[in-house]
Amino acid sequence: MLRFKGITDVGQKRDDNEDRFVVNEDRQYAILADGMGGRMYGEVASTMAVEFLSRCIENERPKHLARLDRNEQGAMLTNLMDEWVRGVNGAIYQKGQQDERYRDMGTTLVAIVGFGPQALLVHVGDSRAYSWHEGVLKQITEDHSFVNSQVKQGMMTEQEARESNQRNIITRAVGTADRVKPDITIHTLRKGERLILCSDGLSDMIDDAAISAIMGQEGDLEASAEALVDAANEAGGKDNITVILAELAS
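All values derive from a computational prediction rather than experimental measurement. (Residues numbered from 1 in each chain as written. Predicted model: local features only at pLDDT ≥ 70, side-chain atom pairs only at ≥ 80, totals over all residues. Heavy atoms only, no water.)

Colleague: Provide a residue-level description of the sheet that holds strand 10 (residues 194–198), including the pertinent values.
Modeller: The sheet built from five strands is open, its strands ordered 1-11-10-7-8 with antiparallel pairing. In this open sheet, the two edge strands, each paired with only one partner strand, are strand 1 (2–9) and strand 8 (136–139). On average, each strand axis in the sheet is tilted by 20 degrees relative to the strand beside it, whichever way the strands run. Inspection of the sheet shows strand 10 paired to strand 11 (residues 241–248) by five bridges, in the antiparallel sense. What sits directly across from Leu197, in strand 11, is Ile244. (Pairing = 2+ DSSP bridges. Helix = DSSP H or I, 4+ residues; strand = E, 2+ residues; numbered from the N terminus. Axes fitted to C-alpha atoms, helices over the stretch in contact; angles between N-to-C directions.)

What follows is the structure, given as structure tokens:
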């Protein structure tokens with residue numbers, strides 16, 4: 001079983017919080033969405049994404065899933081999650097087509113569904129998932145962003161990407177087009193490992209070394225999550241900040 005702790009904060013510069021998240025230990029899932037599209041409308045997209053995907057996980061996950069072996073569970077959940085995210089995307093996109101006010105809205109998405117010591121990880125956009133284990137932090141999602149594509153092509157360094165005024169240009173999001181392809185992977189957690197899901201309000205404010213240091217200094221999930229949010233705010237808090245931590249229950 002996974003246990004979770006989630007926290008969100010408006011930050012220091014924004015009047016509204018367009019991030020949305022949910023954690024459900026009983027059903028073993030956590031979802032984070034960072035809305036885009038301006039005041040009000042970004043939060044509509046992120047709320048739709050979290051609520052829609054939650055309903056799918058809770059109502060459409062097969063009851064016989066737990067009786068399958070790990071490989072079969074992973075394969076079935078991968079196919080279902082792909083279908084569910086495409087459904088989320090279609091619902092948000094159609095709302096934009098039907099009402100001009102919502103035409104440009106969309107959202108990032110990062111979510112995990114636990115099954116035993118494994119977690120199905122789904123990701124669209126530049127919200128991130130990290131693994132932290134024995135003092136080592138590793139990003140396990142790849143940003144769907146313009147600056148990341150430039151880094152991959154050798155056109156920009158990691159530091160230049162962090163400082164670029166184009167770092168918030170997203171190349172893939174939920175709801176901005178009629179179709180979306182989510183990245184879906186399966187991660188096996190080790191004893192003492194923690195997963196970190198976060199919006200870019202955290203990752204744009206403090207670097208990986210700072211995130212890792214905070215994770216090493218703090219104790220329980222709640223203290224670590226709060227310390228990460230505090231650090232992002234102390235660094236300027238230029239955006240909404242949301243953090244979800246997950247680990248295997250001892």
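Colleague: Go over the pairing of strand 7 (residues 128–133), please, and point to the residues and values.
Modeller: In summary, the side chains of a regular strand alternate between the two faces of the sheet. Of all six residues in strand 7, six are buried, a share of seventy percent or more. The side-chain alternation of strand 7 yields two buried faces, one formed by Arg128, Tyr130 and Trp132 and the other by Ala129, Ser131 and His133. Pairing of strand 7 with strand 10 involves five bridges; the strand directions are antiparallel. For Ala129, the partnering residue across the bridge sits in strand 10 and is Leu197. Taken together, the four bridges between strand 7 and strand 8 define a ladder with antiparallel strand orientation. Across the sheet, the residue bridging to Ser131 is Lys138, located in strand 8. In this structure, the hairpin formed by strand 7 and strand 8 is closed by a connection of two residues, where Glu134 is found at a positive phi of approximately 50 degrees. (Buried < 20%, exposed > 50% of the residue type's maximum accessible area, 1.4 Å probe, protein only.)

These figures come from the coordinates and say nothing about function on their own.
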